[in-house]
Amino acid sequence: MRPTLPASPVAESVDHEFSFSRSDFDRVRQLIYQHAGISLHDGKHAMVYSRLSRRLRDTGHNSFASYLQWLESSSGAQGEQEWQEFVNCLTTNLTSFFREEHHFHALADDLKPLMGKPVRIWCCAASTGEEPYSIAMTCSEALGSSAQVQIVASDIDTNVLNTARRGVYNADSRGLSPARLKSFFMRGTGANEGRIRVKPELQRWIDFKTLNLMHNQWQLGEPFHIVFCRNVMIYFDAPTQRKVLERIHKVMRPHGLLFVGHSENFTESKDLFRLRGKTIYERV
């Protein structure tokens, strides 16, 4: 659970391009919590100002109060699009290939008993794609390139998902060994020198889709053997964490595995998951 810090004033500054009051900040906190379950603590006001200022410029508003009033009254396709932009601005996307590497060693071991069987995996926070592609590479190494693997890679942020779908990265991206670069990527030439693209045979396993974990209905298909939900719950308060864990539990197979972030701990939800390894839980 992320603690709520004591309130401190958010002063309007002469250096600010737009007026940004304490009530504006509190309104943003309320709206992002309602729409995405994200709990912004009080120290995030500078981040909120910086990120949402772009939306004020793009939409022609001269104050946060004006923009937020317009946002809340927007409807139809335009309103839906702006709500998505609002959420995109306030989500955090920090990722790399094979981040928290011990998880992928464990994943390789856990996949071996599934050799020859259809395997379904869900990556809850795909971000710009490094995590689901790391999962796919691990599946290929553990099960072979002809394995029956389906990876659902979802995120609430449509911008990062577009990057993930393209599968184009810098050739010096952190976490990729020379062997994996050779096996799973194509190197760019000419104008694309210094860039790499994920090979189509790896991409075919992954279905990228927009998904808000706060929505009641998840259209995800058959239950999953494995779920990666890493460094997502740290942005939720305790009641929201519990709600999401209950929903994840429902879309998993019995004894399925849940991989979480290094700072996340769900031992209080022993009725749903039991600790199986280092930040790895088994569905009860």
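Parameters at a glance
Residues numbered from 1 in each chain as written. Predicted model: local features only at pLDDT ≥ 70, side-chain atom pairs only at ≥ 80, totals over all residues. Heavy atoms only, no water. Pairing = 2+ DSSP bridges. Helix = DSSP H or I, 4+ residues; strand = E, 2+ residues; numbered from the N terminus. Axes fitted to C-alpha atoms, helices over the stretch in contact; angles between N-to-C directions. Contact = heavy atoms within 4.5 Å. Buried < 20%, exposed > 50% of the residue type's maximum accessible area, 1.4 Å probe, protein only. Core = buried A, V, L, I, M, F, W, Y, C linked by side-chain atoms within 4.5 Å. Parallel < 35°, antiparallel > 145°, perpendicular 65-115°, else oblique. Left-handed = near helix turned anticlockwise from the far one by under 90°. Nonpolar A, V, L, I, M, F, W, Y, C, P; charged D, E, K, R; others polar. Salt bridge = Lys/Arg side-chain N within 4 Å of Asp/Glu carboxyl O.

(A) How the structure looks around the sheet that holds strand β3 (residues 168–170). Spatial strand order, β3-β5-β4: three strands in an open sheet with antiparallel pairing. For this open sheet the edge positions go to β3 and β4 (185–187), each flanked by a neighbour on one side alone. Going across the sheet, the axis of each strand differs from the next one's by a mean of 35 degrees, ignoring polarity.

(B) Seen up close, the sheet that holds strand β9 (residues 273–277). Ordered in space as β6-β2-β1-β7-β8-β10-β9, the seven strands form an open sheet in which the pairing is mixed. The open sheet has two edge strands, β6 (206–210) and β9, and neither has a second partner. Pairs of neighbouring strands in the sheet enclose a mean axial angle of 25 degrees, with direction left out of account. Note that strand β7 (residues 224–229) and strand β8 (residues 252–260) share five bridges and pair parallel. Looking across to β8, one finds that F224 is bridged to M252. The strands touched by helix α5 (residues 102–111) are β1 (119–123), β7, β8, β9 and β10 (280–283); relative to β8, the strand with the most contacts, the crossing angle is about 160 degrees.

(C) Local environment of the pairing of β10. The two faces of β10 match: I280 and E282 on one face and Y281 and R283 on the other face are all buried. Where β8 meets β10, three bridges bridge the pair, whose relative direction is antiparallel. Bridge pairing in β10 links F259 to I280. Looking at chain direction, β9 and β10 are connected through four bridges and run antiparallel. Within the sheet, the bridge partner assigned to L275 lies in β10 and is Y281. In this antiparallel pair of consecutive strands, β9 and β10, the connection spans two residues, and T279 shows a positive phi of 55 degrees.

(D) The arrangement of the nonpolar core in detail. By size, the foremost hydrophobic cluster in this structure holds 49 residues, and its most contacted members are F86, W122, L213, W218, V227, I248 and L258. The contact partners of W218, leaving out residues within four places of it in the chain, are W122, L211, N212, L213, V244, R247, I248 and V251. The next biggest cluster of nonpolar side chains, apart from the first, holds 42 residues, and it includes A106, L114, Y169 and F208.

(E) Structural detail: the packing of helix α2 (residues 45–59) against helix α4 (residues 76–90). Relative to each other, α2 and α4 sit at 150 degrees, their axes nearing to 9 Å. With respect to each other, α2 and α4 are oriented roughly antiparallel. The hand of the α2/α4 crossing is right-handed. Together, M47, V48, R51, L52, R54, R55 and T59 of α2 and E82, E85, F86, C89 and L90 of α4 make up the contact between the two elements. Grouping the amino acids of the contact of α2 with α4 by side-chain chemistry returns six nonpolar, one polar and five charged.

(F) Representation of the pattern of salt bridges in the model. Summed over all chains, the structure comprises 15 salt bridges. A salt bridge links D109 to K112; its shortest N-O distance comes to 3.9 Å. According to the relative accessible area criterion, K112 is partly exposed, its value standing at 48%. Ionic pairing is found between R242 and D271, a salt bridge with its closest N-O pair at 2.6 Å. Residue R242 is found in helix α10 (residues 238–250), and its partner D271 is found in the loop between β8 and β9; the two are separated by 29 residues along the sequence. Salt bridges sharing common partners tie together R22, D26, R29 and D42.

Function-wise, these values are silent; they only describe arrangement.
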